Each structure stands twice: as C-alpha cells, then as structure tokens.
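The lines below spell out each chain.
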Amino acid sequence: MFRIKIDATESTNDHLKQLLRDKGLQDGTVLRTLNQTKGRGQRGANWHFEEGKSLAISILKKWEKTFEPEPWALQCVISLAVFSILSEFGQAKWQIKWPNDIMADGRKICGILIEHQHQGYRYATIVGLGVNVNNASISSLPQAGSIAGVLGHQTDLEVLDQRLSQAVYQAMVNFDPEMAQAQLDAYNAELYLRGVQAQFEQSDGTRIQGDIQRVDRQGQLLILSQGVEHRFKVGEIKYLSTP
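Residues numbered from 1 in each chain as written. Predicted model: local features only at pLDDT ≥ 70, side-chain atom pairs only at ≥ 80, totals over all residues. Heavy atoms only, no water.

Q: Explanation requested: the overall build of the protein in the structure shown.
A: The number of helices and strands found in the protein is 5 helices and 12 strands. Computed over C-alpha atoms, the radius of gyration of the protein comes to 18 Å, within 12% of the 18 Å expected from 2.2 N^0.38 for 243 residues, which places it in the range of a compact globule. On the principal axes, the C-alpha backbone points of the protein span a range of 55 × 45 × 35 Å. Residues counted as buried form 52% of the 243 residues belonging to the protein. Of the contacts formed within the protein by residues at least 6 apart in sequence, a portion of 64% connects residues at least 24 apart. As presented, the protein carries roughly 11500 Å² of accessible surface, and 45% of it is formed by carbon and sulfur atoms. Here the protein carries 26 positive and 27 negative side-chain charges, and the mean point of each set is 3 Å from the other. (Helix = DSSP H or I, 4+ residues; strand = E, 2+ residues; numbered from the N terminus. Rg over C-alpha atoms; globule rule 2.2 N^0.38 Å. Buried < 20%, exposed > 50% of the residue type's maximum accessible area, 1.4 Å probe, protein only. Contact = heavy atoms within 4.5 Å. Areas by Shrake-Rupley, 256 points an atom, 1.4 Å probe, with all protein chains shown as cover. Lys, Arg positive; Asp, Glu negative; His and termini not counted. Charge placed at Lys NZ, Arg CZ, Asp CG, Glu CD.)

The following block contains the structure:
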C-alpha cells in the first residue's frame, strides 16, 4: 500500500479525490492527515477531530471496468472489517450502528464515509475513517466517545492506522458477491439497538417508537412499531433515544 501523510486538510476524502483527479493514484493509496479541519460524515454531518488524539484516514480502491460491487454489500464488508479491528483493542460492547458507525458501550467511536467515483462506470471507491482514539472527552457531542474513554488506555495512532487501512483495503480486494448474504447476516448480528425499544424521527419530523429488526439486502433499516414493520433508507430516519 502507498501511504501519504499530510499536516492538515479539510477532509481526507475530498483531498484524496482531488489527488485522484489531478495525478491519478495507485490502487491501495492511503491518505492520513494530522489535522482534519472540516471532517464530515453521512449526509454532511460534521466530525469532531482533535489533533494528536484522533485518527483520520482515507483508503482508495480502484475497480476493473467489468466489476462493480453492490454498494450496500460492499458497505457491509467494510463496516465489518473496521468493527473487527477495533474490537480487538479491548473489551467493550462493540456494535455497528446503521448505516456505518462503530459504537463501544453505546458511544460513537468511529464514523465511516464511503464515496464512489464514476467515469461511465464505478472506477474507484474511497473509504474515509474518523476515529476518536485518545480523546479525553468530547463535551460538544454527548453521544460520542473514544477508545481511551471506553477502554481506559492509550492507543498508538500509527498502529491503528496501519491495521485499519490494511483491513479495509483487503476487505475490498477480497470482496465476493456470493458471500453477500453471509456478510449481511454478520452485520445484523452486531447491529446497534437490535431488538431494543427506541425512539426515531422520520425525515418529515414524525416520530415513531419501535425496535430494530435487521437491515435488508438493499441497505434499508427495518423497524417494528406497533406490530407493523417499516423500512427506511439512509437519510429517511434518525435515532433519538432509548427508554
């Protein structure tokens, strides 16, 4: 893997996309910044970054023209790869929050932003990871946590960078469409709030209470509310609270 480290950037995903357009990059390129000033997550949400304590990297996978993996199936294997590595760093209740956050003891530790690049076909995928590693506390984001805060010890950023980037890249290299259902089952087995009564808000402001059943092959979240099963696409619903 080819690694690029820069002092600062607004977004590692945006920076890597620009390099890809301007220079062309080899498959497996990893970009890491020591200071990310405008990190973002799903649907433009801001991502907190603390210099020297947080990790921000983006990984590039280039595809052959004849092979375009199903986006949600690819997202499953990437989320599972990140989940697997993080859970090895210490004992906690590690879970995957739909669509692609990693939680530990109910706190958001890592956000994953997957963006596809097209030129008549999907020729590249960029996976951005933002990890709260050695942060003491994140008062502005009460639901956020850090590896240090949950596990009680410091983690080497260089080691975490290497392990996460290699795991994510290999998950994409080894992607097998025939394993999509098995990967989805594994994803659902680690699903945050599965079977727990919670409150959610739909995109029109309507609130519902129910429990998460699973995520389907199209990446929709299935929630059972008052005996009725509802399906939601990414962006159509957000978590509010648990009782």
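Q: Looking at this structure, how should I read the pairing of strand E3 (residues 54–62)?
A: Note on strand geometry: in a regular strand, side chains alternate between the two faces of the sheet. Buried residues dominate E3, accounting for 8 of its 9 residues. Pairing of strand E2 (residues 30–33) with E3, which is carried by 4 bridges, proceeds in the antiparallel orientation. Paired with Thr33 across the two strands is Ala56, which belongs to E3. (Pairing = 2+ DSSP bridges.)

Q: Which parts of the structure should I look at to understand the sheet that holds strand E12 (residues 237–241)?
A: Across a sheet, strands are paired by hydrogen bonds formed along the backbone, either parallel or antiparallel in direction. Strands sit in the order E11-E10-E9-E8-E12 across an open sheet of 5 strands; the sheet is antiparallel. Every other strand in the sheet has two partners, leaving strand E11 (228–232) and E12 as the edge strands with one partner each. If you compare each strand with its neighbour and ignore which way they point, the axes differ by 50° on average. Where strand E8 (residues 197–202) lies against strand E9 (residues 207–215), 5 bridges are found, and the strand directions are antiparallel. Opposite Gln197, over in E9, you have Asp211 as the bridge partner. (Axes fitted to C-alpha atoms, helices over the stretch in contact; angles between N-to-C directions.)

Q: For this particular structure, what's the right way to read the sheet that holds strand E4 (residues 94–97)?
A: Here we have 7 strands laid out as an open sheet, ordered E1-E2-E3-E7-E6-E5-E4, and mixed in their pairing. Whereas interior strands pair on both sides, the edge strands pair on one side only; in this sheet they are strand E1 (3–6) and E4. Here the strands of the sheet are splayed against their neighbours by 20° on average, with no regard to which way each runs. Of the pairings in the sheet, the one linking E1 to E2 comprises 4 bridges and is parallel in character. Within E2, the position partnered with Ile6 by the bridge is Thr33. Of the strands in this sheet, E1, E2, E3 and strand E7 (122–132) are in contact with helix H4 (residues 157–173), which crosses E3 at around 25°.

Q: It is not clear to me how the packing of aromatic side chains should be interpreted in this structure. Could you clarify?
A: Geometrically, a pair of aromatic rings is defined through the distance of the ring centres and the angle of the planes. Tallying each qualifying case throughout the model produces 5 aromatic pairs. Pairing Phe67 with Phe175 gives two aromatic rings, centres 6.2 Å apart and planes at 55°, and the pair type is tilted. Taken together, the positions of Phe67 in the loop between E3 and helix H2 (71–87) and Phe175 in the loop between H4 and helix H5 (180–189) put the pair 108 residues apart, joining distant regions of the chain. Judged by relative accessible area, which is 10%, Phe175 ranks as buried. Each member of the aromatic cluster is reached from another via a ring pair, and the members are Trp63, Phe67 and Phe175. Against the face of Tyr239 rests Lys97, its NZ or CZ located 4.5 Å from the ring centre. (Phe/Tyr/Trp six-rings, centres within 6.5 Å; stacked < 30°, edge-to-face > 60°. Lys NZ or Arg CZ within 6 Å of the ring centre and 35° of its normal.)

Q: Looking at this structure, how should I read the pattern of salt bridges?
A: Pairs may arise between side chains of opposite charge once their charged atoms sit close together. Going through the model one piece at a time under the given rule, you end up with 15 salt bridges. Between Arg163 and Glu88 there is a salt bridge, and its shortest N-O distance comes to 2.1 Å. Here Glu88 lies in the loop between H2 and E4 and Arg163 lies in helix H4, a separation of 75 residues in the sequence. On the accessibility criterion, Arg163 (32% relative accessible area) is partly exposed. By relative accessible area, Glu88 is classed as partly exposed at 48%. (Salt bridge = Lys/Arg side-chain N within 4 Å of Asp/Glu carboxyl O.)

Q: How should I be thinking about the pairing of strand E6 (residues 107–118) in this particular structure?
A: In this structure, strand E5 (residues 101–104) lies alongside E6, joined through 4 bridges in antiparallel fashion. Counted as the bridge partner of Asp101 is Gly111 from E6. In the sheet, E6 pairs with E7 via 9 bridges, with the strands oriented antiparallel. Of the residues in E7, the one forming a bridge with Gln117 is Ala124. In this antiparallel pair of consecutive strands, E6 and E7, the connection spans 3 residues, and Gly120 shows a positive phi of 85°.

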